[in-house]
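Structure assessment
One letter stands for each residue in the lines below.
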Amino acid sequence: MKTLTTTLLIIGGGPAGYVAGIRAAQLGVPTILVEGDRLGGTCLNIGCIPSKALIHAADEFEKARHWANHSPLGIQVPAATIDIARTVKWKDGIVQRLTGGVATLLKRAGAQVIEGWATLLDGKTVEVRTVQDVLRIQCQHLVIATGSVQTELPTLPFGGPVISSTEALAPASLPKRLVVVGAGYIGLELGIAYRKLGCEVAVVEMTDRVLPTYDEELTRPVLAALKKLGIVLHLRCSVEGLNGGGSALRVRSSTADEFTLPADQVLVAAGRRPRTTGFGLESLHLDMAGRAIKIDEQCRTSMRDVWAIGDVSGEPMLAHRGMAQGETVAEIIAGHRRKFAPAAIPAICFTDPEVVVAGLSPAQAEEAGLDCLHAAFPFTANGRAMTLESTDGFVRAVARRDNHLIVGWQAVGRAVSELAAAFGQSIEMGARLEDVAGTIHAHPTLGEAVQEAAMRALGQAVHI
Ligand code: FAD
Ligand code: NAD
């Protein structure tokens, strides 16, 4: 058996693993990255990028249909239709460009990529099964970046009409009736997209509200938009399985009534879990934090020189967290003094309207024992929002009462995802309300609502 030796071995070429690989190689660390499926991982191939592409296509299609129905803007177009096969091809093109770019960046930096499935033998030895043969790789540092997998419900195993986000992102044709299980990130992002593409959509959620991880005030405009779009919600409901013919989903309500929802397809979006099985991880006997690998603030596991980054190391399972961890670990291995201790990791839900959070909500600040003030500025008072025909939503600032240090931002509204940069920067740089309030924000922009929220928290609002 051929044996290779390297300083750093990374298992997994998703955002966490590939960023670690590029950065380490840039810093001169001999690096091998093993990927068993496709470089770019979940995010580039079957997650962030394809979902945002499909959402964009659905938005454009909906806009065209809106114009065809006598738009107040005076635009007229003939009735719109969509060729979903072409949409998928366009989306695949973006994915290919990005994954090809990752391969080029790794190569340019000097990292070696091996296509194959890795099995851990111990903390320094990994066996890789490639198409041609089986290799053994010896390393000084092992980085586990194996990502996460979708949760399968025992009552609704994947197959036939029961699909995961992966299949939903590559439809051969559009179902007439789609039932979505789970009103979280994937369920709502894709549920809204499918509705805009013309499907009848129902959503079944076991808790009593949509996007239960966000605060209720923030999700209220999303709830209103779902109703306006004609998406039917079934909250506090559990799923019992498909009916005998496989043409409907059996659902049980909180009052124990059972009913069926006709469905051509059922999209199960009930969460993801760290990928910790199927590659010999058990043999390392690492300390775990629930289902994730336990790590410290340098992403070290309980075994010396074994590191874990990205989704496999737990929540929040977001691409940008994994990338930041990858960069940190690469720099530590290269001898830099680094730790992974962000002041905030922004999160965005690409629903319509979008939701973005960074840092603490008012309730989270209170739970943390902080005495905070908070204020919101509504988009109804923002000129740019009016010109975009979208005044639902607001920006909210949360800051300490004593010194006005900003500890959190939340926003809901059209295109607010782009505010994540301003939110993250102000928290990471230790900005106070006065810093944001005193910064000239260009007019007319949605960003003015950020400045106005800070001004309002200081009792100095001008435009409301
Ligand atoms: P992954 O991207 O899962 O990559 C892990 C890689 O490891 C995979 O390529 C896998 O093949 C490989 N691998 C695993 N085990 C082995 C082994 N034994 N040998 C060889 N290779 C192995 N996050 C956001 O921040 N924003 C979004 O908008 C967003 N949208 C999403 C939409 C969807 C539909 C989904 C499913 C997820 C979305 N996410 C989003 C989450 C995001 O995709 C993940 O947080 C991110 O991909 C995690 O990166 P990772 O590198 O930890 O793992
Ligand atoms: P999620 O945790 O966001 O939502 C799952 C939802 O399903 C929850 O509301 C939960 O209450 C519900 N649920 C769970 N079991 C159920 C059942 N048996 N019946 C009915 N409802 C049930 O999970 P997701 O939407 O699958 O997304 C997985 C992860 O992927 C996210 O947590 C996030 O880390 C990542 N992601 C991020 C983005 C983004 O950043 N924009 C987008 C998509 C996915």
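None of the values given here were measured: they were computed from a predicted structure.

**Focus: the packing of helix α6 (residues 185–196) against helix α7 (residues 216–229)**
- It is at 11 Å that the axes of α6 and α7 come closest, and there the two elements cross at 30 degrees. Between α6 and α7, the crossing angle belongs to the class labelled roughly parallel. The hand of the α6/α7 crossing is left-handed. Counted together, Leu188, Ile192, Arg195 and Lys196 of α6 and Val222, Leu226 and Leu229 of α7 form the full contact between these two elements.
- A breakdown of the residues in the contact of α6 with α7 according to their chemical character gives five nonpolar, no polar and two charged.

**A closer look at the domain arrangement of the chain**
- The domain boundaries assigned to the chain delineate domain 1 (2–46 + 88–150 + 273–333), domain 2 (162–270) and domain 3 (347–457).
- Placing the centre of domain 1 and that of domain 3 at their C-alpha centroids yields a distance of 35 Å.

**What about the sheet that holds strand β23 (residues 394–400)?**
- Taken in spatial order, the five strands line up as β20-β21-β24-β23-β22 in an open sheet, and their pairing is antiparallel. The sheet is open, and its two borders are formed by β20 (347–349) and β22 (372–378), each paired with just one other strand. Across the sheet, the axes of successive neighbouring strands diverge by a mean angle of 10 degrees, strand direction being ignored.
- Sheet analysis places β20 next to strand β21 (residues 354–359), joined by three bridges and oriented antiparallel.

Definitions and limits used
- Residues numbered from 1 in each chain as written.
- Chains lettered and ligands numbered in written order.
- Predicted model: local features only at pLDDT ≥ 70, side-chain atom pairs only at ≥ 80, totals over all residues.
- Heavy atoms only, no water.
- Axes fitted to C-alpha atoms, helices over the stretch in contact; angles between N-to-C directions.
- Helix = DSSP H or I, 4+ residues; strand = E, 2+ residues; numbered from the N terminus.
- Parallel < 35°, antiparallel > 145°, perpendicular 65-115°, else oblique.
- Left-handed = near helix turned anticlockwise from the far one by under 90°.
- Contact = heavy atoms within 4.5 Å.
- Nonpolar A, V, L, I, M, F, W, Y, C, P; charged D, E, K, R; others polar.
- Domains from an automatic or database assignment.
- Pairing = 2+ DSSP bridges.

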